[in-house]
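Spelled out, the chains give:
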Amino acid sequence: ILILLLILAFGWMRWHCRRFSVVQGKIFVEDGLFFRRIRCFSFSQLSVLTLESPLWLKPVRACYVCADTHAGSAHKHDLRLLIRNADAELFRSPMPELRHTVHFSGRPQVHPLRIICFSLVFSSSLSGALYLAAFWFQGGRIARDLIAEFALVQRFDKASHIASSLSGIPPAAAGIGILILSMWLLSFLNNLLRYGKFLMQTDKRLLFVSSGIFTKRNFWLQTDKINFL
């Protein structure tokens with residue numbers, strides 16, 4: 001319990017000691033407990049600004065803001081802050097506004113049927129297996145407890161024998177087929193939730209992309225910062 005309290009206290013202190021401000025088109029972030037660090041990001045040099053509102057942050061009215069430039073690592077955000085929803089406009093307002101009179105002629109709102117077709121094509125058992133593995137390794141004991149509580153092994157074995165009796169193939173092969181199909185369905189569901197309500201708008205200077213059913217993601221991309229398509 002003491003170790004857990006220390007972990008929580010250290011996390012809270014790191015969060016409490018972080019300060020941010022938006023002044024004259026620049027983001028200033030000061031953090032660090034014993035060694036203070038100040039970072040400055042100019043909005044004119046941002047390639048992408050992202051606002052993400054995960055489902056679990058909605059009860060506390062918070063969201064993530066992420067900023068990326070041409071500098072820094074390509075595998076993680078240059079800046080990632082957990083902020084209140086009320087503070088999100090501080091980061092959004094300095095970004096250029098979409099000029100609604102020069103939108104391109106394509107359809108910005110994607111039809112739900114197209115999202116379903118896209119999810120069907122790009123879902124795979126491999127990606128579903130990765131989601132399942134992440135859940136297993138990050139919450140192993142919880143996963144094992146859920147499997148035991150809901151008797152999932154016994155239910156899976158029963159489903160394999162039912163599928164075997166209907167199709168005439170061995171139970172082991174039927175079980176493998178059910179497992180592969182289940183992982184594919186997991187990937188399909190994830191794609192639907194991620195790309196549902198997809199919206200894209202552009203004025204050839206700024207590209208705005210929004211998607212997500214439960215976790216809402218909004219992206220503002222400055223098109224002159226795009227290096228490669």
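Before reading further, recall that the structure is shown in the block above.
In this text the structure is predicted, and so the values were computed from the model without any measurement.

Asker: So what exactly am I meant to see when it comes to the environment of Ser93 here?
Answerer: If you trace the backbone, Ser93 turns up in the loop between α2 (88-92) and α3 (112-122). Separated by 68 residues in sequence, Ser93 and Gly25 place their C-alpha atoms 9.4 Å apart. A distance of 2.9 Å separates a polar atom in the side chain of Ser93 from the backbone oxygen of Glu89.

Asker: Just checking my understanding: could you explain the sheet that holds strand β1 (residues 19-23) for this structure?
Answerer: Sheets are built from strands that pair by backbone hydrogen bonding, the pairs being arranged parallel or antiparallel. In space, the 3 strands of this open sheet follow the order β1-β2-β3, with antiparallel pairing throughout. The sheet is open, and its two edges are formed by β1 and β3 (37-42), each paired on a single side. Direction aside, the axes of adjacent strands within the sheet are offset by 15° on average. Pairing between strand β2 (residues 26-31) and β3: 6 bridges, direction antiparallel. The residue bridging Phe28 from the neighbouring strand is Cys40, located in β3.

Asker: I tried to follow a nonpolar patch on the surface on my own but got confused; where do I start?
Answerer: Among the surface-exposed residues, Leu113, Ile116, Phe118, Leu120, Val121 and Phe122 lie close enough to one another that they form a single nonpolar patch of about 580 Å² accessible area. Examined against the element boundaries, Phe122 turns out to sit in helix α3. Classification of Phe122 as exposed rests on a relative accessible area of 56%.

Asker: Explain the nonpolar core to me, please; I cannot follow it from the model alone.
Answerer: Grouped burial of nonpolar side chains is what soluble globular proteins tend to show. Ile27 and Leu49 are the most contacted members of the largest nonpolar core, which totals 20 residues. Elements supplying a minimum of two residues to this core: β2, β4 (48-53), β5 (62-68), β6 (79-84), α2 and β8 (206-211). Filtering out sequence-adjacent residues up to four positions away, Ile27 remains in contact with Ser21, Val22, Arg39, Cys40, Phe41, Phe43, Leu46, Leu79 and Phe91.

Asker: Can you help me understand the sheet that holds β4 in this one?
Answerer: Strand order in the open sheet made by the 6 strands is β6-β5-β4-β9-β8-β7, with antiparallel pairing throughout. The sheet terminates laterally at β6 and β7 (199-202), the two strands that pair on one side only. Going from strand to strand, the sheet's axes swing by 15° on average, the running direction of each strand aside. Relative to β8, β7 runs antiparallel, the two being bridged by 4 bridges. Bridge pairing in β8 places Met200 opposite Val209.

Asker: I tried to follow the layout of surface pockets on my own but got confused; where do I start?
Answerer: To find leftover empty space, a probe the size of one water molecule is rolled over the atoms. Quantified by volume, the second largest pocket comes out at close to 300 Å³. Forming the boundary of the second largest pocket are Trp15, His16, Arg18, Arg19, Phe20, Val60, Ala62, Leu81, Leu82, Ile83, Arg84 and Asp87. At the level of elements, α1 (2-16), β1 and β6 are the ones that each hand at least two residues to the lining of the second largest pocket. Considering each element in turn, the lining of the second largest pocket owes the most residues, 4 residues, to β6. Residue classes in the lining of the second largest pocket are distributed as 7 nonpolar, 1 polar and 4 charged.

Asker: Just checking my understanding: could you explain unusual backbone geometry for this structure?
Answerer: One non-glycine residue with positive phi stands out, namely Gln24, at about 50°. With respect to the element layout, Gln24 can be found in the loop between β1 and β2. Unlike most non-glycine residues, Arg61 shows phi in positive territory, near 55°.

Asker: Which parts of the structure should I look at to understand the side chain of Asp68?
Answerer: With respect to the helices, strands and loops of the structure, Asp68 is situated in strand β5. Look at Asp68: it is buried, it has no salt bridge, and the nearest opposite charge is Arg80 at 8.7 Å. Polar side-chain contacts of Asp68 include one of 3.4 Å to the backbone nitrogen of Asp78. With residues up to four places along the chain from it excluded, the contact list for Asp68 reads Leu46, Ser47, Val48, Lys76, His77 and Asp78.

The rules behind each value
Residues numbered from 1 in each chain as written. Predicted model: local features only at pLDDT ≥ 70, side-chain atom pairs only at ≥ 80, totals over all residues. Heavy atoms only, no water. Helix = DSSP H or I, 4+ residues; strand = E, 2+ residues; numbered from the N terminus. Polar contact = N/O pair within 3.5 Å; in protein donor to acceptor, adjacent residues only side chain to side chain. Pairing = 2+ DSSP bridges. Axes fitted to C-alpha atoms, helices over the stretch in contact; angles between N-to-C directions. Patch = residues over 30% accessible without salt bridge, like charges linked within 9 Å, V, L, I, M, F, W, Y side chains within 5 Å. Areas by Shrake-Rupley, 256 points an atom, 1.4 Å probe, with all protein chains shown as cover. Salt bridge = Lys/Arg side-chain N within 4 Å of Asp/Glu carboxyl O. Buried < 20%, exposed > 50% of the residue type's maximum accessible area, 1.4 Å probe, protein only. Core = buried A, V, L, I, M, F, W, Y, C linked by side-chain atoms within 4.5 Å. Contact = heavy atoms within 4.5 Å. 1 Å grid on protein atoms, 1.4 Å probe; cavity = no way out; pocket = protein on both sides within 12 Å on 5 of 7 lines; lining within 4 Å. Points joined across faces, edges and corners; volume = space filled by probe spheres on them. Nonpolar A, V, L, I, M, F, W, Y, C, P; charged D, E, K, R; others polar. Lys, Arg positive; Asp, Glu negative; His and termini not counted.

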